[in-house]
Each structure stands twice: as structure tokens, then as C-alpha cells.
Amino acid sequence: QSQLSQALNGLSDRAKEAKEFLVQLRNMVQQIQENSVEFEACLVAQCDALIDALNRRKAQLLSRVNKEHEHKLKVVRDQISHCTVKLRQTTGLMEYCLEVIKENDPSGFLQISDALIRRVHLTEDQWGKGTLTPRMTTDFDLNLDNAPLLQSIHQLDFVQMKVSSPVPAPPILQLEECCTHNNSATLSWKQPPLSTVQVEGYILELDDGNGGQFREVYVGKETMCTVDGLHFNSTYSARVKAFNKTGVSPYSKTLVLQTSEDTQSEEQTLPFPVPLERSQLRRMSPFSSTLNLQPSFPGRSYFELRSSAHQLSLHSSLQSLNSAGCNFETQGTPYSQLGK
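The structure presented is a predicted model; accordingly, all values stated were derived computationally and were not measured.

Student: Hey, could you run me through the nonpolar core in this one?
Tutor: Looking at soluble globular proteins, one finds that nonpolar side chains tend to be buried together. If you look at the biggest cluster of nonpolar residues, it comprises 20 residues, and the most contacted ones within it are L187, W189, L204 and L206. The leading source of residues in this core is strand 7 (residues 235-243), at 4 residues. Every residue in contact with W189, bar those within four places of it in the chain, is listed here: P171, I172, L173, Q174, Y202, L204, Y218, E222, T223, M224, C225 and V240.

Student: Teacher, can you tell me more about the pairing of strand 6 (residues 224-228) here?
Tutor: Put simply, side chains in a regular strand alternate between the two faces of the sheet. With 5 of 5 residues buried, strand 6 is to be regarded as a mostly interior element. Taking every second residue as pointing to the same face, both faces of strand 6 are buried, with M224, T226 and D228 on one and C225 and V227 on the other. Pairing of strand 3 (residues 184-190) with strand 6, which is carried by 4 bridges, proceeds in the antiparallel orientation. Paired with S188 across the two strands is M224, which belongs to strand 6.

Student: Sorry if this is basic, but what is going on with the packing of aromatic side chains here?
Tutor: Aromatic ring pairs are defined here through the distance separating the ring centres and the angle between the ring planes. Scanning all chains against the criterion turns up 2 aromatic pairs. Measuring from centroid to centroid gives 6.4 Å for W189 and Y218, while their planes differ by 50 degrees, and the two rings are tilted. Residue W189 is found in strand 3, and its partner Y218 is found in strand 5 (residues 215-220); the two are separated by 29 residues along the sequence. An identical accessibility class is assigned to W189 and Y218; each is buried. Within the aromatic cluster, the residues linked to one another by ring pairs are W189, Y202 and Y218. Directly above the aromatic system of F140 lies the positively charged group of K72, at a separation of 5.5 Å from the ring centroid. The aromatic ring of Y251 is capped on one face by R239, whose charged end is 3.6 Å from the ring centroid.

Student: Would you mind going over the layout of surface pockets with me for this structure?
Tutor: Each pocket or cavity is described by its volume, and for the second largest pocket that value is around 340 Å³. Taken together, 11 residues form the lining of the second largest pocket, with F39, L43, Q46, D157 and F158 sitting closest to its centre. For the lining of the second largest pocket, the residue count by class is 9 nonpolar, 1 polar and 1 charged.

Student: What exactly am I supposed to notice about the confidence of the model for the protein here?
Tutor: Keep in mind that low pLDDT regions are not for reading the predicted coordinates in detail. Taken as a whole, the protein shows an average pLDDT of 75; of its residues, 75% reach a score of 70 or greater. When pLDDT is averaged over each element of the protein, strand 4 (residues 201-206) comes out on top at 93 and strand 13 (residues 315-322) at the bottom at 30. Note that residues 265-340 has pLDDT below 50 and, in this model, 195 contacts with residues that lie over four places away or in other chains.

Student: What is the right way to look at unusual backbone geometry in this model?
Tutor: Most of the time, phi is negative for any residue but glycine, and the peptide bond is trans. Positive phi, normally seen in glycine, also occurs at N233, with a value near 50 degrees. For N233, the position within the fold is in the loop between strand 6 and strand 7. The class for N233 is partly exposed, based on a relative accessible area of 48%.

Student: Help me understand the packing of helix 1 (residues 2-101) against helix 2 (residues 106-128), please; the structure alone is not making it clear to me.
Tutor: Between helix 1 and helix 2, whose axes approach to 11 Å, the crossing angle comes to 155 degrees. One finds that helix 1 runs roughly antiparallel with respect to helix 2. Remark: the crossing between helix 1 and helix 2 carries left-handed chirality. Contacts between helix 1 and helix 2 pair C83, K86, L87, T90, L93, Y96, C97 and V100 from the former with F109, I112, L116, R119, V120, T123, Q126 and W127 from the latter. Per-class residue counts for the contact of helix 1 with helix 2 are 11 nonpolar, 3 polar and 2 charged.

Student: Would you mind going over the pattern of salt bridges with me for this structure?
Tutor: A side chain of one charge can pair with a side chain of the opposite charge if their charged atoms are brought near each other. As enumerated under the stated definition, the model contains 4 salt bridges in all. R14 is the salt-bridge partner of E17, the closest N and O atoms lying 3.8 Å from each other. Taken together, the positions of E17 and R14, both in helix 1 and 3 residues apart, correspond to about one turn of that helix. The exposure class of R14 is exposed, given its relative accessible area of 53%. Here D78 makes a salt bridge to K74, at a shortest N to O gap of 3.2 Å. You can see D78 and its partner K74 sitting in helix 1, 4 residues apart, about one turn around the helix. Of the residues examined, K74 reaches a relative accessible area of 52% and is grouped as exposed. If you follow the salt bridges from partner to partner, you end up with E205, R239 and K241 in one network.

Student: What is the right way to read helix 2 from this model?
Tutor: Given 3.6 residues per helical turn, the α-helix brings residues three or four places apart onto the same face. For helix 2, spanning 23 residues, the distance from its first C-alpha to its last is 32 Å, which sits close to the expected 33 Å at 1.5 Å a residue. Here helix 2 has its buried residues at S113, L116, T123 and W127. Buried residues along helix 2 sit in contact with helix 1. Remark: G130 follows helix 2 within two positions and exhibits a positive phi of approximately 75 degrees.

About the thresholds
- Residues numbered from 1 in each chain as written.
- Predicted model: local features only at pLDDT ≥ 70, side-chain atom pairs only at ≥ 80, totals over all residues.
- Heavy atoms only, no water.
- Core = buried A, V, L, I, M, F, W, Y, C linked by side-chain atoms within 4.5 Å.
- Buried < 20%, exposed > 50% of the residue type's maximum accessible area, 1.4 Å probe, protein only.
- Helix = DSSP H or I, 4+ residues; strand = E, 2+ residues; numbered from the N terminus.
- Contact = heavy atoms within 4.5 Å.
- Pairing = 2+ DSSP bridges.
- Phe/Tyr/Trp six-rings, centres within 6.5 Å; stacked < 30°, edge-to-face > 60°.
- Lys NZ or Arg CZ within 6 Å of the ring centre and 35° of its normal.
- 1 Å grid on protein atoms, 1.4 Å probe; cavity = no way out; pocket = protein on both sides within 12 Å on 5 of 7 lines; lining within 4 Å.
- Points joined across faces, edges and corners; volume = space filled by probe spheres on them.
- Nonpolar A, V, L, I, M, F, W, Y, C, P; charged D, E, K, R; others polar.
- pLDDT = per-residue confidence, 0-100.
- Axes fitted to C-alpha atoms, helices over the stretch in contact; angles between N-to-C directions.
- Parallel < 35°, antiparallel > 145°, perpendicular 65-115°, else oblique.
- Left-handed = near helix turned anticlockwise from the far one by under 90°.
- Salt bridge = Lys/Arg side-chain N within 4 Å of Asp/Glu carboxyl O.
- Expected span 1.5 Å × (residues − 1).

Written out as C-alpha cells, the structure is:
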């Protein structure tokens, strides 16, 4: 009875929660209906505003067509008036010349014949200078370009109100924390100091050691990774990129690395300008990962940043290696003399 009572009490609590949840769902139904009516009204108002803007533009375009229509009519009417006057003058000249020809006085005819002949030729020449060619065409040289508007109408759609975060910036490889040992390599990276974009993880890629395609060797949230099982005395290229829900960032700068010549080789470090005093190099961290590759995947443990056509290198000598990490010293070119 005690166990049944306890079970009933638990079931009663669940039933109470279910009733409250049903009330919440019914309220959601009512809220959805209200929001739907409000949203439809807003959508209708937006479409009506677009239709009003289109009607106003239509009125403006019709006004331009009417202006073009009036201009064409004016030009044609002016030409009609001009031709009518010229034709009346020509007809009068022709009638006068016919009357002169009918005269029986030869001496009088000879006195005015030369002047009449010049006047007739001049009038004929005036008709030949484009007077009988229409000054205006009947076609309307206007073409409504509605393709962009139709395309915009077809593309008219809803957009998400929530603004998604931007794509992360390319990670920065921390050369001072990268090192190699025998046929393994430890890579470390970080986000740019001023970057505020949320990052969900990173993707580390290595090539095949022969200049071939890159392939993913690590995907996760850690910012340090140790890759084991590389070939001795081999050459690799490594790069890393960040990602979030929005997308994937561009790649970081590419690192070229070279593994040791044999298993007894000491650890090598990046040609990176660090102080002359000994500096502790972190081998692993609580946020690091170790990956083991098959022996068929070649590698390289000498690192070089491909950031410009001028590649300068610094030589580092390993001083000691203990369980906590490795100490090293650097000698070489000052940082201000390095390429971009």
C-alpha cells in the first residue's frame, strides 16, 4: 500500500503537470489565431502599399506617354500647316504662270519670263529639301523594362526575424606552442584577439606528405592537438579552420612541418622569434587531443609559416626535455626582419 501510494502521488504530480501543459497548449492555440490575424493584416497592408506604389508609378508612366503623344501631334500638325501654306503658294504660282502663257503680247511675255522661270525653279527646290518627308514617326519609341520588377515580385518572400551569428574568423596558429617529437607533432591555435564570434569547434587538416590533397585529422572544441604515427624524415602541410552554426571560417595560414630523421632524434621547434632566455613550451594541456595516424601517412616536424614569398627561418636548439614539457632556446633573425 505504501509503495502504491507513493506511485500514485508521483502519477498525480505528472497528471497535474499534464493539465497545466494542456492549458498552456490551449493558450498557444488562441495566441496563434490572434497572431495569425495580426500577421495577415500586416501582410495585406504591405501588399496594398506595394500596389499603391505601383499605381502611382503607372500614373507617372502614363503621363510620360501622354506627353509623347502631344509632342508627336504638335510636330505633325506644324508640318501640315507648313505644307498647306507652301502648297497654296505653289498653286497660286502655277495659276499665274498659266495665265501669263495665255497672253498674246510677246514683248510683255519676254519681259517677265526669266523672272518667272527663276521663281518656279526656286519653288521646286524648296519642295525637294525634305519638305515631303514626315518629321515624326507614328511609333512610340518607349519600352517598359518590367523584368527587374517581375523578378523582385517572384523573389518576394518572408525572411527569418532571428539574425544568425556571422561566420568565425580564421584561427591563428600559436607557433610558440607548437612542437614536434620524433614522428609526432603538436599543433596549437586560437581565435583572433578581437574576435567576438561564437565558435563551436575546429577542423585540423593535414596533407598526404607529398603535396597532395588535405584531409581532416581532427574535429572538436580543443585548441591543441597532437598527431602521432607520422613518417620519419617526411614533409607535411597543416591548416585549421573554425566553424559554428552559420558556417565555416576561411583556413588559417598553412604550416609546413618536417619530422625527425629517426626515432632517436631530439625534439624540434618552430622557427619563431622568442626571447633568448629559456622559455617553457607546453606539450599538452587539459584541452588537448592526441591522434594516431597509420604509418602510411607521412609527415614533417620542421615548421614554417607560409605567409609571404620571402621565407626566413630561425634555428632552434633543444636544451632539455622533461615530463612537463620541453625547454628551448632560439637564435636567429629578429622578428622585425621577418617577412609579412
